[in-house]
Amino acid sequence: MRNIEVARIFYELADLLEFKGEAIFKIRAYRNAARILAGLDRPVETVRQEGALTKIPGIGRNIAAKINEILLTGSLKKHEDLLREIPPGLLEIMSLPGIGPKRAGMIHKELGITSLEELAGAARNGQVRHLPGMGAKTENDIIRNIKMRQDSGASILLGTARELAEEFSGYLKLLPGVVRVEAGGGLRRRQETVTGIELVVAAADPGPVMEAAAGHPAVKETIKECSDRVVFDTKWGVAVHVEVVPEKSFVAAWFRNTGSRAHYNRICHLMSERGITFDPAVPGSFGEERNIYAALGMQFIPPELREDRGEVDAALEGRIPGLVELKDIKGDLHLHTGWSDGLNSMEQVVARAREKGYRYVAVTDHSRSLKIAGGLSLDRLREQHRKIRSLNEGLEDFYILTGIEVDILPKGDLDCPDEILKETDLVIASVHSAFKQDRETMTARILSAIENKNVHIIGHLTGRLINHRKGYALDVERVLDAAASCGTILEINSSPDRLDLNELNARRAKEKGIKFSVSTDAHSLKGMDDLIYGVSVARRAWLSPGDVVNTMSAGELLRFLGKK
DNA sequence: GCCGTTTTCGGCCCGACTGTTTTCAGTCG
């Protein structure tokens, strides 16, 4: 069982108990445990076998016993019992923005509602506004948020899709006769969300492979099947498509499968114009995907750009830039530690950064106002920065930047005095409160942070959480113009549920000459692995290493930061 | 629930915003 699946049981257990009105600290303990499990950088099963579960801070005897039960039986009785008692639709209702356990409980009790669909109906009929504490505005929010939820449908985050695809591919690769397995579709193009996981398999005989694939433990049922492809519904809540082709046709099939459809059609059109035969079903001479583009006398187009957004013409004219790669990144500039709400010590974070081959990191814990995240008082911040300086003295070929993720307060002032920011190597300014301000107020608020000389980077600019929360109302164009004229760096936050800036805003920003920090905002060692997703956004935004400040050496970066 | 003890229970993480009220409960981060 994957760590995240164990974590999910505890998250859900916490939600269920919260709905029941259980003691808040118990709920917190479960949520905390879930967060720890999700952030664990090795299999919880291994920790269990070592008998070391209770050695993890935050996991006590009780939760350790529950983890044991889950790993040994595949489920948790307490969780299953609660699920039978509380309609699962109520958890979905509770997860709507603005709806917590109390309101969900009231909606259930007063209107007899047990699902999102029923709630949407009641809201449209104006029944919700008559409940105590609810009004027309809440009712409209409910309708809007349910619609957003339904529109996102079965889409899952890139990060999740990638992990699940690796899991399924690993299984397929072990099957007899399987020569090669690769992910295609939106996942290979690194879309921020995908609606299905597409896998292309090279094997001589599709039948047995497809049959064996159906035996994967995550497969619930076969939705569609023909001679060389099959679609499974899975317990992961996402469809897995498996296409099996002979090895000779693999590259052509993989290319077609990768898409996008618009891109693929344009390439096929060019081929037919020039009399080049291209039929994925027919074994061709395209031993490598690169050859497909070469046959057309054009540059290779990386999968991330294959969206028919000008890349074909650019490739024909030799204008595809050298895109930034993971290996170009020399340091992570947005990291949290146990000093605020991170799970690990600075020493652990630094050690992991060095394992990754980074040359520097910035430790950017939260500022004092963000109490829930353990924001650092000014004294604690000074203490942390002193500690960083002393750590640096013992480090060779590595530099820890003193940093802070300072809140942009509702009125636009920063949550830390300028004289302290001035002495800090790297200042990220982010919005963490008053998300519902109107567009004008929010824009002015962020502009004032951009205009502050001590602010180097604006963190997660729009505040969106993919499939969960829209970004705040914001005049992005004005913000980009201001960032360009002030020389303020914009972050591409690599957390899979943020990816903020998104690829379109990042591409606009690049056109205005803005520089980027591609960083993780990690709160755990595992979170530090998310950088690949930020790099994916950067690539989809056509960014080169020169656009990204954390491809610089430490010396270059410090000079660059000093220049703002 | 977990933790850390002054070992057996008390402290955990709290302040601001929102939409509803007309002084506040619920939600959020």
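Just so it is clear, the model here is predicted, and its values are computed rather than measured.

According to the domain assignment, chain A contains domain 1 (3-152), domain 2 (157-316) and domain 3 (326-562). Between domain 2 and domain 3, the C-alpha centre-to-centre distance is 35 Å. Of the roughly 1,600 Å² buried at the junction of domain 2 and domain 3 (both faces included), carbon and sulfur atoms supply 53%. Per-residue buried area on domain 2 facing domain 3 is highest for Leu157, Glu192 and Arg309; these three make up 39% of the total on that side. Where domain 2 packs against domain 3, one counts five salt bridges. One salt bridge connects Arg309 with Glu503, and the closest N-O pair in it is separated by 2.9 Å. Linking domain 2 with domain 3 are nine residue pairs in polar contact (both at pLDDT 80 or more), by the criterion used here. Elements represented by at least two residues in the side of domain 2 that touches domain 3 include exactly helix 10 (158-173) and helix 16 (311-316).

Let us now look at the pattern of salt bridges. Using the criterion set out here, one finds 47 salt bridges in the structure. Put simply, Arg266 and Asp308 hold a salt bridge, and the shortest N to O gap is 3.9 Å. Taken as a pair, Arg266 in helix 14 (residues 261-273) and Asp308 in the loop between helix 15 (289-295) and helix 16 lie far apart in primary sequence, 42 residues in all. When its relative accessible area of 34% is taken as the criterion, Asp308 is described as partly exposed. Lys356 is the partner of Asp529 in a salt bridge, and the nearest nitrogen-oxygen pair spans 2.7 Å. Placement of the pair is Asp529 in the loop between strand 14 (516-519) and helix 23 (531-540) and Lys356 in the loop between helix 17 (346-355) and strand 9 (360-363), with a sequence separation of 173 residues.

What follows deals with the sheet that holds strand 9. Pairing in this open sheet of seven strands is parallel, and the strands run 8-9-10-11-12-13-14 from one edge to the other. Here the strands that pair on one side only, and so sit at the sheet edges, are strand 8 (331-335) and strand 14. Relative to strand 13 (residues 489-493), strand 12 (residues 457-458) runs parallel, the two sharing two bridges. By the bridge assignment, Ile458 is partnered in strand 13 with Leu490.

Within this structure, the stated rule accounts for nine aromatic pairs. Here the aromatic rings of Phe435 and Tyr472 are separated by 5.6 Å at their centres, their planes lie at 15 degrees, and the arrangement is stacked. One end of the pair, Phe435, is in the loop between strand 11 (426-430) and helix 20 (439-451); the other, Tyr472, is in the loop between strand 12 and helix 21 (476-486), with 37 residues separating them in the sequence. Looking at Tyr472, the relative accessible area reads 8%, which means it is buried. Arg188 extends its terminal NZ or CZ atom over the ring of Trp254, reaching a point 3.7 Å from the ring centre. Residue placement shows Arg290 over the ring face of Phe300; its charged tip is 4.3 Å from the ring centre.

Rules used throughout
- Residues numbered from 1 in each chain as written.
- Chains lettered and ligands numbered in written order.
- Predicted model: local features only at pLDDT ≥ 70, side-chain atom pairs only at ≥ 80, totals over all residues.
- Heavy atoms only, no water.
- Domains from an automatic or database assignment.
- Buried area = accessible area lost by both parts, 1.4 Å probe.
- Salt bridge = Lys/Arg side-chain N within 4 Å of Asp/Glu carboxyl O.
- Polar contact = N/O pair within 3.5 Å; in protein donor to acceptor, adjacent residues only side chain to side chain.
- Helix = DSSP H or I, 4+ residues; strand = E, 2+ residues; numbered from the N terminus.
- Buried < 20%, exposed > 50% of the residue type's maximum accessible area, 1.4 Å probe, protein only.
- Pairing = 2+ DSSP bridges.
- Phe/Tyr/Trp six-rings, centres within 6.5 Å; stacked < 30°, edge-to-face > 60°.
- Lys NZ or Arg CZ within 6 Å of the ring centre and 35° of its normal.

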